Amino acid sequence: MKKLLALITCLSMVAVLACSCSGGGDSGSEYTSIKLQMSTTVGEASNATQMCKLFAEKVDEATGGAVKISVFPSDQLSGGDMSKGVDMLTTGGTDCAFEPVDVLASLDERLLTLNVAWTFDSYEEAEQLLNGTAGDFISECLEAKNLQTLGFIHNGMRQLTNSKRSVVTPDDIKALKLRVPGGEPFMRAFTDFGADPLTMSFSELYTALSQGTVDGQENGYDLIFNNSFHEVQPYITEWNYSYGAFALVVNSGTWDKLNDATKKVLEDAAAEVCRTGCQNVVDSESTQKQSIIDYGCEVNTLSEEQVKAFQDVLVGTGYYDYFYEKYGADAFEAFGIDIETLRG
């Protein structure tokens, strides 16, 4: 009898310990009790990082504290290595992230269709497509790579910055050493322009710009301003040459640990945060641009005719035909891109 009582007591203690574990079971509430790690590539002040924090706050509030999300900007979890960050995300080393679609394209290169030069005219067009066929296409690609997609925010229309000279014609850009994302649409465009493009992790970029390791870079106004690139890049070319977006993604293994009520909370929070994140970029760009001008930078906004001179270079090198063949008609259709229009 004593042995039986001892066994019952031991089993009871094990049960209590199991119930008190916060790693991924159901708490006393209707929501899964779990602690999640969330990453993003960009710095503390950037819109994507602020949206990570807002997402964490909304989920915490809606679940009564059952779901706790810790946010790590600047790829802290992967030591500043963007590629390692994606690997950690797909293998479950990181639970969720606001990750640039062009960075996630290391999992499926067709996602880079989003970044083909001069294929989006406005944020409204981009947002409509990301909430429709383009978003569906991205989600399907990422689901096959162990990621669930909950939404998108603007990274911005990408502008060019450099420390050497004004860039308003294709000749001006020649021989400039420019940091670009690793995707082929970026590398090939600047190579075709006669520049010297190279890749490096975003976390290393400010140091490289300030030390003159590279002459310039390209990003939206949010990242240019909030990462202080304008402080070491006096020349800005506003040309909206490529559109970028962040995807809010969750590791599929992590997603499967959540009950339906918890998944619904994350989906609802993501929808609200993505609306806010997109609007933030649209609302803040004019203010950020003015602050950059006030700092003393020269901002050259290219006319349609000036932009066409760069586009004509790409048409002449076969840039658009190359990516149409590489990524496929289905990808171009999903992103609303008319190859005949691009061919001029």
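Just above, that's the structure.
All values reported here derive from a predicted model rather than from experimental measurement.

Visitor: Could you clarify how one ought to interpret the pattern of salt bridges in this entry?
Guide: Side chains that differ in sign of charge can pair as their charged atoms come close. Using the criterion set out here, one finds 15 salt bridges in the structure. As a salt-bridge pair, Glu 238 and Lys 289 come within 3.0 Å of each other at their nearest N and O atoms. Of this pair, Glu 238 sits in strand β10 (residues 235–238) while Lys 289 is found in helix α12 (residues 260–295), placing the two residues 51 residues apart along the sequence. Among the ionic pairs, Asp 321 bridges to Arg 343, the shortest N-O distance being 2.5 Å. Here Asp 321 is found in helix α14 (residues 319–327), whereas its partner Arg 343 is found in helix α16 (residues 339–343), with 22 residues between them in sequence. Among the residues examined, Arg 343 registers a relative accessible area of 33% and is labelled partly exposed. Among the charged side chains, a salt-bridge network with shared partners connects Asp 102, Arg 158 and Glu 218.

Visitor: Would you take a moment to explain the sheet that holds strand β8 (residues 196–198) for this structure?
Guide: Strand pairing in a sheet relies on backbone hydrogen bonds. The paired strands run either parallel or antiparallel. Read from one edge to the other, the open sheet built from six strands follows the order β8-β7-β9-β6-β10-β12, with strand pairing classed as mixed. Of all the strands in the sheet, the pair left with one neighbour each is β8 and β12 (298–301). Averaged over neighbouring strand pairs, the angle between their axes works out to 25° when direction is ignored. Where strand β6 (residues 159–162) lies against β10, three bridges are found, and the strand directions are antiparallel. Opposite Leu 160, over in β10, you have Thr 237 as the bridge partner.

Visitor: Hey, could you run me through the nonpolar core in this one?
Guide: Across soluble globular proteins, you tend to see nonpolar side chains buried next to one another. In terms of nonpolar packing, the biggest core is built from 105 residues, with Phe 55, Phe 98, Trp 118, Ile 173, Phe 190 and Trp 239 touching the most fellow members. With nine residues, α12 is the largest single contributor of residues to this core.

Each value, and the rule that gives it
- Residues numbered from 1 in each chain as written.
- Predicted model: local features only at pLDDT ≥ 70, side-chain atom pairs only at ≥ 80, totals over all residues.
- Heavy atoms only, no water.
- Salt bridge = Lys/Arg side-chain N within 4 Å of Asp/Glu carboxyl O.
- Helix = DSSP H or I, 4+ residues; strand = E, 2+ residues; numbered from the N terminus.
- Buried < 20%, exposed > 50% of the residue type's maximum accessible area, 1.4 Å probe, protein only.
- Pairing = 2+ DSSP bridges.
- Axes fitted to C-alpha atoms, helices over the stretch in contact; angles between N-to-C directions.
- Core = buried A, V, L, I, M, F, W, Y, C linked by side-chain atoms within 4.5 Å.

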